[in-house]
Amino acid sequence: MQLSKAYIGALVERSLQEDVGSGDLTVQLIPADKIVRAGILTREAMVVCGQQFIEQTFLNLTPEMQLDWQVKESQLVEANTILLTLHGNARAMLTAERTALNFLQMLSGVATQTRAYVDQVAHTPCRILDTRKTIPNLRLAQKYAVYCGGGNNHRIGLFDAFLIKENHIKACGAISIAVEQARQIAPDKLLEVEVENLDELQQAIEAQVDRIMLDNFTLEDMRQAVKLTAGKVPLEVSGNVGLDTVRGIAETGVDFISIGSLTKHIHAIDLSMRVLS
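What counts, and at which threshold
Residues numbered from 1 in each chain as written. Predicted model: local features only at pLDDT ≥ 70, side-chain atom pairs only at ≥ 80, totals over all residues. Heavy atoms only, no water. Pairing = 2+ DSSP bridges. Helix = DSSP H or I, 4+ residues; strand = E, 2+ residues; numbered from the N terminus. Axes fitted to C-alpha atoms, helices over the stretch in contact; angles between N-to-C directions. Contact = heavy atoms within 4.5 Å. Phe/Tyr/Trp six-rings, centres within 6.5 Å; stacked < 30°, edge-to-face > 60°. Lys NZ or Arg CZ within 6 Å of the ring centre and 35° of its normal. Salt bridge = Lys/Arg side-chain N within 4 Å of Asp/Glu carboxyl O. Buried < 20%, exposed > 50% of the residue type's maximum accessible area, 1.4 Å probe, protein only. Disulfide = S-S within 2.5 Å. Polar contact = N/O pair within 3.5 Å; in protein donor to acceptor, adjacent residues only side chain to side chain.

Undergrad: Just checking my understanding: could you explain the sheet that holds strand 7 (residues 161–164) for this structure?
TA: Backbone-to-backbone hydrogen bonds join strands into a sheet, with any given pair of strands oriented parallel or antiparallel. What the six strands build is an open sheet, ordered 6-11-10-9-8-7; its pairing is parallel. Two strands lie at the open edges of the sheet, namely strand 6 (127–129) and strand 7, each paired on one side alone. Shown here is a sheet whose adjacent strand axes are inclined to one another by a mean of 25°, direction ignored. Pairing of strand 8 (residues 190–195) with strand 9 (residues 211–215), which is carried by four bridges, proceeds in the parallel orientation. Note that in strand 9 the partner of Glu 192 across the bridge is Arg 211. Each of strand 7 and strand 8 touches helix 6 (residues 175–185); the most contacted strand, strand 8, lies at about 165° to it.

Structure, rendered in structure tokens:
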């Protein structure tokens, strides 16, 4: 997954405006032509994510800022690693500092958490997916972070795939009716149905859907679902998945595990920027 320069630029511009507003009062204490060197380091192990956001944030305030990355995007680094060194105007650097670190701590937090889940299922063919449970207006950025962490992206929004859930089924009358109508509306779109028990699973199989989501199934029912589908329909598991349970779920033989906490329960990485000279 790649993000466009236009998307990154617009997001950075809005974020700087939110923070800077009519101007940074505190940096006016510093001579306008003061040049400094600084470094950004991490206080904890992390997967690096958000380099383009950082670059755009600093360069927005001064195109002459020199940035020298010591690490690569998607790289796993240890605590106390210097991520980036900067050389340029002190006022611009300090004004951009918090906005830049906000992007880096959040996106790297998502990528780092994703990597932890991916590592738990690495011995299986199962893939980790994100969800639509994202921070408003930051969905693409967060889904990019999931990608950097080794995960896979579920649908981006409501427009690129069908996900027929309990309320849709009740409103339509039955799984078969909902699936038939979906095929008529957009036959080329992925059609996934969420089921809550083995009876609904059988209905979804008979409706010939593209993917089936098992919602809050027990491990034994997941194994039974794998036997019933026999590889004919990809199976996705969702609902209350944690680092302590994801391995066992993957070992049942399901194809995907979708995890909302990747993007909604964010542990922001502890970062620091220090002026060096």
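Undergrad: Looking at this structure, I do not really get the environment of Ser 22. What am I missing?
TA: Inspection of the secondary structure assignment puts Ser 22 in the loop between helix 1 (5–20) and strand 1 (35–42). Between the C-alpha atom of Ser 22 and that of Met 93, which follows or precedes it by 71 residues, the distance is 17 Å.

Undergrad: Hey, could you run me through the packing of aromatic side chains in this one?
TA: Given two aromatic rings, one states the distance between the centres and the angle between the planes to describe the pair. Counted by the stated rule, this structure contains one aromatic pair. Above the face of the Phe 256 ring, Arg 211 is positioned so that its terminal group lies 4.2 Å from the ring centre.

Undergrad: Explain the pattern of salt bridges here, please?
TA: Oppositely charged side chains can pair when the atoms bearing their charge come close. Considering all chains together, one arrives at eight salt bridges under this definition. For Glu 194, the salt bridge identified is with Lys 165, shortest N-O distance 4.0 Å. Of this pair, Glu 194 sits in strand 8 while Lys 165 sits in the loop between strand 7 and helix 5 (166–172); the two residues are 29 residues apart in sequence, bridging distant segments of the chain. On the accessibility criterion, Glu 194 (7% relative accessible area) is buried. Between Arg 247 and Glu 251 there is a salt bridge, and its shortest N-O distance comes to 3.4 Å. We classify Arg 247 as partly exposed; its relative accessible area is 39%. A single salt-bridge network, built from bridges that share partners, covers Glu 192, Arg 211 and Glu 236.

Undergrad: Would you mind going over the state of the cysteines with me for this structure?
TA: Think of a disulfide as a covalent bridge from one cysteine sulfur atom to another cysteine sulfur atom. Scanning the entire structure with this criterion turns up zero disulfides. Take Cys 148: it sits in no disulfide, and the sulfur closest to it among the cysteines is that of Cys 49, at 3.8 Å. On the basis of relative accessible area, Cys 148 is assigned to the buried category, the value being 4%.

Undergrad: Help me understand the side chain of Thr 229, please; the structure alone is not making it clear to me.
TA: In this structure, Thr 229 sits in helix 8 (residues 219–229). A relative accessible area of 3% places Thr 229 in the buried class. Engagement of the side chain of Thr 229 in a polar contact is seen with the backbone oxygen of Ala 225, the distance being 2.9 Å.

Undergrad: Explain the sheet that holds strand 12 (residues 271–275) here, please?
TA: With antiparallel pairing, four strands are arranged side by side in an open sheet as 3-5-1-12. The sheet terminates laterally at strand 3 (66–69) and strand 12, the two strands that pair on one side only. For this sheet, the mean angle separating the axes of adjacent strands, direction not counted, is 15°. Its contacts with the sheet place helix 2 (residues 51–61) against strand 1, strand 3, strand 5 (82–89) and strand 12, and it is angled at close to 160° to strand 3. This element, helix 3 (residues 90–120), spans strand 1, strand 5 and strand 12 of the sheet and lies at about 155° to strand 5.

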